[in-house]
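Here is how the chains run, residue by residue.
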Amino acid sequence: MLETGFLSFGSNLGDKEANIASAITALSTFQEIKDLQSASFYNSPPLYNTDQPEFLNTVVKYSTTYSAFELFDTCQKVESLLGRPEKREKNTPRSIDIDILTYGTSFIETEELTIPHPDLANRKFVLVPWAELAPDEIVPVYNITVQNLLNICNDPSIVTKHVMEKNA
């Protein structure tokens, strides 16, 4: 069965644009993942460990025939392929981070995977690009739109649209 949902991408090490673009491209090579649509890229400050570089983030809509757990495994493979270590401390710099925000209307809560992502309503770096891409999407469990979640988000971060650098 084909499920649709949203993924969040973030990077704050190396060539952040290339890291995110490479991750999206890598996911698109799996025949089980289709119709990837990306929001613009956004700059955002680190939330918890503030002694690290600024992040670049986006949100991508997907369709897949994978189960949620197969999608999770595939996202982890792509992260590993792009140099993210399997073991790392939470809230530290990273070349790539891919989170499953939603998987259809599913609610999943296991030790390794929680969908919808448990922090999505508290993160402007997720909600700003998501609202650009799908403002009227109803977020499972919350049962309100992405735009409404953004409107009531308590995150004081300033998230700005990223201007892509042009090669001379």
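Computed from a predicted structure; not experimentally measured.

1. Side note on the nonpolar core
Across soluble globular proteins, you tend to see nonpolar side chains buried next to one another. With 25 residues, the main nonpolar core has Leu 7, Phe 9, Leu 71, Ile 98 and Ile 100 as its most contacted residues. Apart from the residues lying within four places of it in its own chain, the contact partners of Ile 100 are Phe 6, Leu 7, Tyr 62, Ala 68, Leu 71, Phe 72, Leu 113, Ile 115 and His 117. Core analysis: the next-biggest nonpolar cluster, separate from the first, contains 19 residues, Leu 101, Leu 120, Phe 125 and Leu 127 among them.

2. Quick look at the packing of aromatic side chains
Tallied over the entire structure, the rule returns one aromatic pair. For the pair Phe 6 and Trp 130, a centre-to-centre distance of 5.3 Å together with 45° between the ring planes defines the contact as tilted. With Phe 6 in strand β1 (residues 3–11) and Trp 130 in helix α3 (residues 124–133), this pair connects stretches of sequence that are 124 residues apart. Accessibility assignment for this pair places Phe 6 and Trp 130 in one class, buried.

3. Overview of the pairing of β1
Among the nine residues of β1, eight are classified as buried, and the element is accordingly described as predominantly covered. Relative to strand β4 (residues 55–64), β1 runs antiparallel, the two being bridged by nine bridges. If you follow Phe 9 over to β4, its bridge partner there is Thr 58.

4. So, the pattern of salt bridges
Taken as a whole and assessed by the stated rule, the structure comprises two salt bridges. In this structure, the salt-bridge partner of Asp 97 is Arg 94, at a minimum N-O distance of 3.6 Å. Across the pair, exposure class does not vary: Asp 97 and Arg 94 are buried alike. Asp 119 serves as the salt-bridge partner of Arg 123, at 3.2 Å between the closest nitrogen and oxygen. Look at Asp 119 and you get partly exposed, because its relative accessible area is 25%.

5. A few points about unusual backbone geometry
In terms of backbone geometry, most residues other than glycine have negative phi values and most peptide bonds are trans. For the bond from Ile 115 to Pro 116, the omega torsion is -5°, close enough to zero to count as cis. For Pro 116, the position within the fold is in the loop between β7 (114–115) and α3. A positive phi angle is found at Val 141, which is not glycine, with a value near 80°. Within the element layout of this structure, Val 141 appears in the loop between β8 (138–139) and β9 (144–145). Even without a glycine there, the phi angle at Asn 143 is positive, about 55°. Mapped onto the secondary structure, Asn 143 falls in the loop between β8 and β9.

About the cut-offs
- Residues numbered from 1 in each chain as written.
- Predicted model: local features only at pLDDT ≥ 70, side-chain atom pairs only at ≥ 80, totals over all residues.
- Heavy atoms only, no water.
- Core = buried A, V, L, I, M, F, W, Y, C linked by side-chain atoms within 4.5 Å.
- Buried < 20%, exposed > 50% of the residue type's maximum accessible area, 1.4 Å probe, protein only.
- Contact = heavy atoms within 4.5 Å.
- Phe/Tyr/Trp six-rings, centres within 6.5 Å; stacked < 30°, edge-to-face > 60°.
- Helix = DSSP H or I, 4+ residues; strand = E, 2+ residues; numbered from the N terminus.
- Pairing = 2+ DSSP bridges.
- Salt bridge = Lys/Arg side-chain N within 4 Å of Asp/Glu carboxyl O.

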